[in-house]
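# Observations on chain architecture
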Amino acid sequence: QLTMSLNSSTLLNEEKSQGPKRNSECLESVELQTPSSFQDNPLQQLQLASQEVLEKAKKSGRSKCPRCSSSRMFYCYTCFVPVETVPTKEIPTVKLPLKIDIIKHPNETDGKSTAVHAKLLAPDDVTIYKYPCIPEYEEKRHEIALVFPGPNSVSVKDIAFHLQKYSKKGVCDKDDDCSREPLLKQAKIETKEEEKNLNECILNNRSEVTKLKKIIFIDSTWNQTNKIITDERLQGLLQIELKTRKTCFWRHQKGKPDTYLSTIEAIYYFLVDYHQEILKENYKGQYDNLLFFFSFMYTLIKNAKCCAGKE
């Protein structure tokens, strides 16, 4: 669940080998096409805010970052803000059910990272750290998990069960009447009502103890992950793997399974699963706008490749 991401400033130059004229013809064709032109577009069912602002920005070309004045397309990947031709008020904001930390490899090219999409679209809930500058997680590992495939990784639906192991409090606080063990063999439970109250105490405390509050993602190429994942500050954290999703990423690395997602895909799919499996709520597109930039760029590149005869 790491990024092999995107350089938005060179987005429309993916087909350099076709030559300037070929690229120009393809881009003219792209102007006439829409996502619905491709029946196999797996992102076309998303409930997204209007992308008209991105269409306009694409036509006007690169623009200045309002903070550092660098020339960028759509957004500045170092300041995490839209460029001047993309008004912030026209960019959707997504509220997440938990906090997200993204740990970015120092050698990961800023302009290729889809991690910035999460920061742009969920600014209040996402923090990006450049390794080795990352937080200490030891004291709160009972409420934190790391999305990374591995031999001990668990599925999203099993998060609550496994987080119980990491609780420093156990099932109940020591001061609670329900903390004595074994719980079902306590000396005298005089009435059914007392037994019911006891069980509710256990369940309430367990629910509080196993509540996930933060999820961590690593942003790097797969070949760069070892240095980060073996960092002692990440040891002992519960690891989550997204085993059933397939990437749509256009820079997917050769030799890696298609279940290895870009960072923004991993974040999106994790939240969808979390919403359904942990929050037990129907998913109605609440996090779809996390793919606001990703889906737009996917469509542009898909169209360009089709035009160039590569698909």
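For every chain, the first residue of the written sequence is number 1, and numbering continues from 1 onward in sequence order. For a predicted model such as this one, the threshold for reporting local features is a pLDDT of at least 70, and the threshold for listing and counting side-chain atom pairs is 80 or more; totals across whole chains, interfaces and linings nevertheless cover every residue. Working from all heavy atoms in the structure, the side-chain values ignore hydrogens and water.

## A few points about helix 7 (residues 263-277)
To be explicit about the condition: By the criteria applied, helices consist of DSSP H or I runs no shorter than four residues and strands consist of E runs no shorter than two, each listed in order from the N terminus. A helix's residues, less one, multiplied by 1.5 Å, set its expected span. Each residue is placed in one exposure class: buried if its accessible area under a 1.4 Å probe, protein chains only, is under 20% of its type's maximum, exposed if it is over 50%, and partly exposed if it falls in between.
With 15 residues, helix 7 ought to run about 21 Å at 1.5 Å a step, and its terminal C-alpha atoms sit 21 Å apart, in line with that. Of all 15 residues that make up helix 7, 13 are buried, and the element is covered over most of its length.

## Notes on the environment of E90
Let me state the cut-off plainly: The contact criterion used is simple: two residues touch if any of their non-hydrogen atoms lie within 4.5 Å.
Within the secondary structure layout, E90 lies in the loop between strand 4 (81-82) and strand 5 (99-104). Through-space distance from the C-alpha of E90 to that of E52 is 9.1 Å; in sequence the pair is 38 residues apart. Discounting residues that sit within four places of it in the chain, E90 has contacts with V53 and F292.

## Description of the packing of aromatic side chains
So the rule is basically this: Centre distance within 6.5 Å is the pairing criterion for rings of Phe, Tyr and Trp, where only the six-membered ring of Trp is used; planes under 30 degrees apart are then read as stacked, over 60 as edge-to-face, and the remainder as tilted. Remark: a charge is flagged as sitting over a ring if the NZ atom of Lys or the CZ atom of Arg is within 6 Å of the ring centre and within 35 degrees of the ring normal.
If you walk through the whole model with that rule in mind, you get seven aromatic pairs. Directly above the ring of Y77 sits R72, whose terminal nitrogen or CZ lies 4.1 Å from the centroid.

## Here we look at the sheet that holds strand 9 (residues 238-240)
Strands belonging to one sheet form pairs held by backbone hydrogen bonds; the direction of such a pair is parallel or antiparallel. To keep things clear, this is the line we draw: By this definition, two strands are paired if DSSP reports at least two bridges between them. Lines fitted to C-alpha atoms define the axes here, with helix axes fitted over just the stretch in contact, and angles between the N-to-C directions of these axes take values from 0 to 180 degrees.
Strands sit in the order 6-5-8-7-9 across an open sheet of five strands; the sheet is parallel. Each end of this open sheet is capped by a strand with a single partner; those strands are strand 6 (126-130) and strand 9. In this sheet, neighbouring strand axes are inclined to one another by 30 degrees on average, regardless of whether the strands run parallel or antiparallel. With respect to the sheet, helix 7 is in contact with strand 5, strand 7 (144-147), strand 8 (214-219) and strand 9, its orientation differing from that of strand 8 by roughly 155 degrees.

## Comments concerning the nonpolar core
Inclusion rule: Grouping buried Ala, Val, Leu, Ile, Met, Phe, Trp, Tyr and Cys residues that are joined through side-chain atoms within 4.5 Å yields what is termed a nonpolar core.
Grouped together as the largest cluster of nonpolar side chains are 58 residues, with contacts concentrated most on I100, I240, F270, L290 and F293. Sorting elements by how many residues they give to this core places helix 7 first, with nine residues. Setting aside residues no more than four positions away along its own chain, I100 makes contact with D125, V126, T127, I215, F217, I267 and L271. In terms of nonpolar packing, the next biggest core, distinct from the first, is built from 14 residues, I103, Y131, L146 and I228 among them.

## Looking at the side chain of T114
Filter applied, for reference: Any N or O atom pair separated by 3.5 Å or less is treated as a polar contact, with the protein-specific requirement of one donor-capable and one acceptor-capable atom, and with residues adjacent in sequence counted only for side-chain atom pairs.
Tracing the chain through its elements places T114 in the loop between strand 5 and helix 3 (115-121). At 3.4 Å, the side chain of T114 forms a polar contact with the backbone nitrogen of T263.

## Digging into unusual backbone geometry
Residue P132 follows Y131 across a cis peptide bond; omega there is 15 degrees. Mapped onto the elements, P132 comes out in the loop between strand 6 and strand 7. For F80, which is not glycine, the phi torsion reads 60 degrees and is therefore positive. A positive phi is found at K280, a non-glycine position, where the angle reads about 55 degrees.

## Considering the pairing of strand 5
Along strand 5, five of the six residues are buried, which leaves the element largely enclosed by surrounding structure. Taken together, the six bridges between strand 5 and strand 8 define a ladder with parallel strand orientation. Along strand 8, the bridge assignment pairs I102 with F217.

## Structural notes on the pattern of salt bridges
The test is simple: Salt bridges, as used here, are contacts in which a Lys or Arg side-chain nitrogen is within 4 Å of a carboxyl oxygen on Asp or Glu.
Scanning all chains against the criterion turns up nine salt bridges. A salt bridge links K99 to D125; the nearest nitrogen and oxygen atoms lie 2.8 Å apart. Taken as a pair, K99 in strand 5 and D125 in the loop between helix 3 and strand 6 lie far apart in primary sequence, 26 residues in all. With a shortest N-O distance of 2.8 Å, D110 and K104 are connected by a salt bridge. A relative accessible area of 25% means that D110 is categorised as partly exposed.

## Quick notes on the pairing of strand 8
Among the six residues that make up strand 8, five are buried, leaving the element largely enclosed by the rest of the structure. One ladder, built from four bridges, connects strand 7 with strand 8; its direction is parallel. By the bridge assignment, L146 is partnered in strand 8 with I216.

## Side note on the environment of S50
Tracing the backbone through its elements, the reader meets S50 in the loop between helix 1 (19-31) and helix 2 (52-60). Residues S50 and I91, 41 residues apart in the sequence, show an inter-C-alpha distance of 8.8 Å. Within the structure, S50 has its side chain in polar contact with the backbone nitrogen of E52 (distance 3.2 Å).

Keep in mind these numbers describe shape, not what the thing actually does.
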